[in-house]
Amino acid sequence: MHKSLEALLQRVAKKDRAAFRDLYAATSSRLFAVCLNLLRDRPRAEEALQEAFARIWERAASFDAGKGAALAWMTVVTRRIALNELRRRDSAHASLEEEEAPEIAADLPEHDPLAKGRLIECLEKLGEERRQWVLLAYIHGYSHEELAKRFQRPLGTMKSALFRGLADLRRCIS
């Protein structure tokens, strides 16, 4: 499937409308789930998804298969739009709750309670502070700059801590 998505995205870069329809059909449910998980509001999620596909159409030429999979690229585009929507409409971020931790598992197989349970175990191994930073960044959409300011840490330190936190999660989950 990944190869076909990459081929479709490359055709979309050439403004192939049929390829865009096929790409939408193949990925819209997964990308809608990203929007819905972040926004927690169906109409807002639908708007964000529409904007995401418009952006994908416009920027498909910037996709580089050498840097990653098509679905991953599209997920990043979609996530950024949903986070921007979240920030725009909600000036205050939601409070951090432990039951939201499984949402970071976007790349885990859907409806896999064992994988999500494993994620929670791995998050607990990060330590309280790093776990909080990772969840605030990747669940609630805080930027590195916002986290550095909020926790009074140098920006480089925050970026490194988040990078190491994700690397530790990947190793633990695999």
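Keep in mind it's a predicted model, so treat the numbers as computed, not measured.

Reading the values: rules and limits
Residues numbered from 1 in each chain as written. Predicted model: local features only at pLDDT ≥ 70, side-chain atom pairs only at ≥ 80, totals over all residues. Heavy atoms only, no water. Helix = DSSP H or I, 4+ residues; strand = E, 2+ residues; numbered from the N terminus. Buried < 20%, exposed > 50% of the residue type's maximum accessible area, 1.4 Å probe, protein only. Salt bridge = Lys/Arg side-chain N within 4 Å of Asp/Glu carboxyl O. pLDDT = per-residue confidence, 0-100. Contact = heavy atoms within 4.5 Å.

### Quick notes on unusual backbone geometry
Move 1: A positive phi angle is found at lysine 15, which is not glycine, with a value near 65 degrees.
Move 2: If you trace the backbone, lysine 15 turns up in the loop between helix H1 (2–13) and helix H2 (17–39).
Move 3: Since its relative accessible area comes to 41%, lysine 15 is described here as partly exposed.
Move 4: Even without being a glycine, glutamine 152 presents a positive backbone phi close to 50 degrees.
Move 5: Position of glutamine 152 relative to the elements: it lies in the loop between helix H7 (144–150) and helix H8 (155–173).

### Overview of the pattern of salt bridges
Move 1: Following the criterion strictly, the structure yields seven salt bridges and no others.
Move 2: A salt bridge links aspartate 16 to arginine 11; its shortest N-O distance comes to 3.0 Å.
Move 3: The exposure class assigned to aspartate 16 is partly exposed, which follows from its relative accessible area of 24%.
Move 4: Ionic pairing is found between glutamate 129 and arginine 153, a salt bridge with its closest N-O pair at 2.7 Å. A residue pair is termed long-range when its members are at least 10 positions apart, and glutamate 129 in helix H6 (residues 128–138) and arginine 153 in the loop between H7 and H8 qualify at 24 residues.
Move 5: For arginine 153, a relative accessible area of 31% gives the class partly exposed.
Move 6: Salt bridges sharing common partners tie together Arg130, Asp168 and Arg171.

### Focus on the confidence of the model for the chain
Move 1: For the chain, per-residue confidence averages 81 on the pLDDT scale, and 82% of positions sit at 70 or higher.
Move 2: Mean pLDDT across the secondary structure elements of the chain bottoms out at helix H5 (residues 113–125), with 73, and peaks at helix H3 (residues 42–59), with 94.
Move 3: Predicted confidence is poor over residues 91–111, with pLDDT under 50, and the contacts of this stretch with residues over four places away or in other chains come to 39 contacts.

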